[in-house]
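Commentary on secondary and tertiary structure
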Amino acid sequence: MHPSAVLLVLLGNWMLPLVSAQNAGFVKSPMSETKLTGDTFELYCDVVGNPTPEIQWWYAEINRLDSFKQLWDGARKRRVSINTAYGANGVSVLGITRLTLEDSGIYECRASNDPKRNDLRQNPSITWIRAQATISVLQKPKINSSDQIILTADSFGTPVTLHCNLTTAHTTHKESFWMKNGQEIANTRTEHRVTSHRINKPRADDSGEYMCVYTFDMAPNANATIEVKAKPHITGHKRSENKNEAENATLYCKSVGYPHPIWTWRKVDGTSYTDIDNSTGRFFILNRDNYTELNVHNLDINTDPGNYECNATNVIGTTAEITILRVRSHLAPLWPFLGVLAEVIILVVIIVVYEKRKRPDDIIEDDEPVAPMKTNSTNNHKDKNIRQRNKK
């Protein structure tokens, strides 16, 4: 190879790392938030660079910005969690639970891919890039609320009223409203500190997690939760399912009631039963809150037909319903055709037997001509003339 070509190759290999190297930069930075005591917050930090930058989290009190301290996973009595993943980007999530007033402060995400970033002789402000978020933790307002309510068969139809009273708040109260299972209940907004929600004719489907929510001008929403519990009541299921062998069958049940039930399936045979789970390879159970589904694959005509029971159980009670599974032979679609064919064959046999058993006289009478035969009449006249000559 020519010496100049060798020089170009070596120069290219030396320049390649310089061309592909990229300083650290933020794709997503943490955002400032205001929280209440007892709440949880999470801060996200997403950085890019080549090589992938290292990420660290630091903290300083609001009035002491010159005293940052590094945060570690499990700090503050295990209330701090730090989850970091490195790939094409570096992504890190800082979370703190059960917030206290002392958790207020400046939280800083630092990132660097400088080879000398951890050298104590280097200035961190040069080797590390930083993004800050301010977390303000306020004292949670005090709300007095009703105790949990349990609906029973005897109490169905008897009105129930839920109450909330905002007794202490450090900022101006704006309004309040009610929610059920995370959805706002219509026409419940009011400006009063004392609020109530009435359930006129409670049934099992009125059970759930109710929440009175108070809003403020300069603080996050505050809420109190009231649980209305009831035994599960199965509102929908297949009474029967008809399938052909080797097909798949799907049985389901859905319910109302709170808390959400634990679902189980079993096959009932008289007074005995067999529990069903996902270990057989043909039975697959899918549970989701107030809904369950049993899928049976490759139906067996000998073992799979029968009564299948879905059972819903929570801390208040239990309920169950039966679905009848019928499995037909794979020849079942031919049965109507075979039935018609059998009728045709029987009809043909009847006709043939009837024709063979007809009397011979009936056949002759049907074939006789209506007019008399002349040949017979002429012969009779000849016989009379012969007899008359003989007498003479």
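As a starting point, this report considers the structure included with it. Please read these numbers as outputs of a predicted model, since none were measured by experiment.

Parameters and conventions
Residues numbered from 1 in each chain as written. Predicted model: local features only at pLDDT ≥ 70, side-chain atom pairs only at ≥ 80, totals over all residues. Heavy atoms only, no water. Helix = DSSP H or I, 4+ residues; strand = E, 2+ residues; numbered from the N terminus. Contact = heavy atoms within 4.5 Å. Pairing = 2+ DSSP bridges. Patch = residues over 30% accessible without salt bridge, like charges linked within 9 Å, V, L, I, M, F, W, Y side chains within 5 Å. Areas by Shrake-Rupley, 256 points an atom, 1.4 Å probe, with all protein chains shown as cover. Salt bridge = Lys/Arg side-chain N within 4 Å of Asp/Glu carboxyl O. Buried < 20%, exposed > 50% of the residue type's maximum accessible area, 1.4 Å probe, protein only. Phe/Tyr/Trp six-rings, centres within 6.5 Å; stacked < 30°, edge-to-face > 60°. Core = buried A, V, L, I, M, F, W, Y, C linked by side-chain atoms within 4.5 Å.

On the secondary structure map, Ser255 appears in strand β19 (residues 249-258). Setting aside chain neighbours within four positions, we find Ser255 in contact with His233, Ile234, Thr235, Pro261, Trp263 and Asn290.

Take the sheet that holds strand β5 (residues 69-70) next. Within the open sheet, the five strands sit side by side as β2-β9-β8-β4-β5. Their pairing is mixed. Bordering the open sheet on either side are β2 (33-36) and β5, each of which pairs with just one other strand. Pairing of β2 with strand β9 (residues 129-138) involves four bridges; the strand directions are parallel. Directly across from Leu36, in β9, lies its bridge partner Leu138.

With that out of the way, let us pick up a nonpolar patch on the surface. Side chains of Phe337, Leu338, Leu341, Ile345, Val349 and Val353 sit close together on the surface and give an oily, nonpolar patch of about 540 Å² of accessible area. Mapping Phe337 onto the fold places it in helix α4 (residues 335-356). In this structure Phe337 comes out as exposed when scored by relative accessible area, which is 54%.

On inspection of all chains with the given rule, the structure shows three aromatic pairs. Ring plane angle 45° and centroid distance 4.9 Å describe the contact between Tyr59 and Tyr107, whose orientation is recorded as tilted. Highlighted residues: Tyr59 in strand β4 (residues 54-60) and Tyr107 in strand β8 (residues 105-112), separated in sequence by 48 residues. Since its relative accessible area comes to 11%, Tyr59 is described here as buried. Given the relative accessible area of 0%, Tyr107 is considered buried. Ring geometry for Tyr252 against Tyr291: centres 6.3 Å apart, planes inclined by 20°, an arrangement best described as stacked.

As a further point, take the nonpolar core. The biggest cluster of nonpolar side chains holds 21 residues, and the ones touching the most others in it are Ile143, Leu162, Cys164, Trp178, Cys212 and Tyr214. Of all elements in the fold, only β11 (149-151), β12 (160-168), β16 (208-216) and β17 (222-237) reach the threshold of two or more residues within this core. Per-element accounting of this core gives the leading share, five residues, to β17. What Leu162 contacts, discounting residues up to four positions off in sequence, is Ser146, Ile149, Trp178, Thr195, Ser196, His197, Tyr210, Ile226 and Val228. Listed in part, the 19 residues of the second largest apolar core include Phe41, Trp57, Tyr107 and Val137.

Next up on the list: the pairing of strand β3 (residues 41-50). Inspection of the sheet shows strand β1 (residues 22-28) paired to β3 by four bridges, in the antiparallel sense. When the sheet's bridge partners are listed, Lys28 is paired in β3 with Asp46.

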